Amino acid sequence: MADRRSPPPRAWQRMLSGRRLDLVDPSPLDIEVEDIAHGLARVARWNGQTTGAHAFSVAQHTLIVEIIAAKMSPEIGAVGQLAVLLHDAPEYVIGDMISPFKAILGGDYKAVEARLLDAIHRRFGLPIPLPPKLIKAVKAADTIAAYFEATRLAGFDDVEAVRYFGRPSGIEPSSLPLDPWSAGVAEKRYLRRFAEVLAAAHGQSGA
């Protein structure tokens, strides 16, 4: 009698580069920055609930966080800036889950995200784990970006935004590119900045 058992569920995603990324055991060899940039430029922050003609993408958010981090924590250097540019990189595979949904999903989501981020860091030569001081700097810049996005794009009033993100200081919103870009523009600008920072980070590390 023929074996009619169902095949195991597919746990990988095929990328436009041709890579096949396994979410259970992601390999750094299957990670390409072109796939990351393409995906992040098409993943919407805030579940798409933002103003403007285009979705506000994770790629654009990442570039804003890098601007903030460079101003608030210049001591992180190029290696730190590379970590900033990759801090949301797993979302090119798993999307941008809003924080309330992450809280509901709990540990399983975080485990998948952590495995992907480790593989991404290995691919581009970042230390694993990142130094605690760098993690803190990335989180601080990310939170400042979230405040400005919330109040400028996502309909939060100031009181509500301060409750969840705190009140930022030392950053002028006029210095940040908060008008949403098209996906194509976001992808190109992310790739250009990534190439600049990667070259500097490799030079800084002596690679």
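Since the model is a prediction, treat every value here as computed from it, not as a measurement.

Participant: In this structure, what is going on with the environment of Leu116? I would like to understand it.
Facilitator: Here Leu116 lies in helix 6 (residues 107–123). By relative accessible area, which is 1% here, Leu116 ends up buried. C-alpha of Leu116 to C-alpha of Asp25: the two residues are 91 residues apart in sequence and 8.4 Å apart in space. Those residues in contact with Leu116 that lie beyond four places of it in its chain are Leu21, Pro26, Pro90, Val93 and Ile94.

Participant: Would you mind going over the pattern of salt bridges with me for this structure?
Facilitator: Opposite charge on two side chains permits pairing when their charged atoms draw close. The full count for this structure, using the stated rule, is seven salt bridges. Note that Arg19 is salt-bridged to Glu32, the shortest N-O span being 2.9 Å. With a gap of 13 residues between them, Arg19 in the loop between strand 1 (12–14) and strand 2 (20–22) and Glu32 in the loop between strand 2 and helix 1 (33–40) connect regions that are remote in the sequence. Its relative accessible area of 32% is what places Arg19 among the partly exposed residues. Take Glu32: its relative accessible area is 17%, and that puts it in the buried class. Here Glu32 and Arg123 are joined by a salt bridge, their closest N and O atoms 3.4 Å apart. Within this pair, whereas Glu32 is found in the loop between strand 2 and helix 1, its partner Arg123 is found in helix 6, the two being separated by 91 residues in sequence.

Participant: Looking at this structure, I do not really get unusual backbone geometry. What am I missing?
Facilitator: Phi is mostly negative for residues that are not glycine, and the peptide bonds are mostly trans. Here the bond from Ile128 into Pro129 is cis, since omega is -5 degrees, no more than 30 degrees from zero. On the secondary structure map, Pro129 appears in the loop between helix 6 and helix 7 (132–152). Notably, Trp46 is not glycine yet its phi reads approximately 60 degrees, a positive angle. When you line up the elements, Trp46 lands in the loop between helix 1 and helix 2 (58–72). On the basis of relative accessible area, Trp46 is assigned to the buried category, the value being 18%. In this model, Asn47 sits at a positive phi of 55 degrees, which is unusual for a non-glycine residue. Tracing the backbone through its elements, the reader meets Asn47 in the loop between helix 1 and helix 2.

Participant: Got a minute to help me understand helix 8 (residues 158–165) in this structure?
Facilitator: An α-helix turns once per 3.6 residues; consequently, residues spaced three or four apart project the same way. Here helix 8 starts with a cap whose side-chain oxygen sits 3.3 Å from the backbone nitrogen of Val159, and that cap is Asp157. Downstream of helix 8 by one or two residues, Gly166 has phi in the positive range, about 80 degrees.

Reading the values: rules and limits
- Each chain has its residues counted from 1, following the order in which its sequence is written.
- Given that the model is predicted, a residue must reach a pLDDT of at least 70 before its local features are reported, and side-chain atom pairs must reach 80 or more before they are shown or counted; all residues, however, enter totals for whole chains, interfaces and linings.
- Side-chain figures throughout are based on the complete set of non-hydrogen atoms in the structure, without hydrogens or water.
- Each helix corresponds to a stretch of at least 4 residues labelled H or I by DSSP, and each strand to a stretch of at least 2 residues labelled E; elements are numbered beginning at the N terminus.
- Classification of residues uses two cut-offs on accessible area relative to the type maximum, computed with a 1.4 Å probe and protein chains only: under 20% is buried, over 50% is exposed, and between them is partly exposed.
- Should any heavy atoms of two residues lie within 4.5 Å, those residues are considered in contact.
- Definition used for salt bridges: Asp or Glu carboxyl oxygen within 4 Å of a side-chain nitrogen of Lys or Arg.
- Any N or O atom pair separated by 3.5 Å or less is treated as a polar contact, with the protein-specific requirement of one donor-capable and one acceptor-capable atom, and with residues adjacent in sequence counted only for side-chain atom pairs.

Nothing here speaks to function; it is all geometry.
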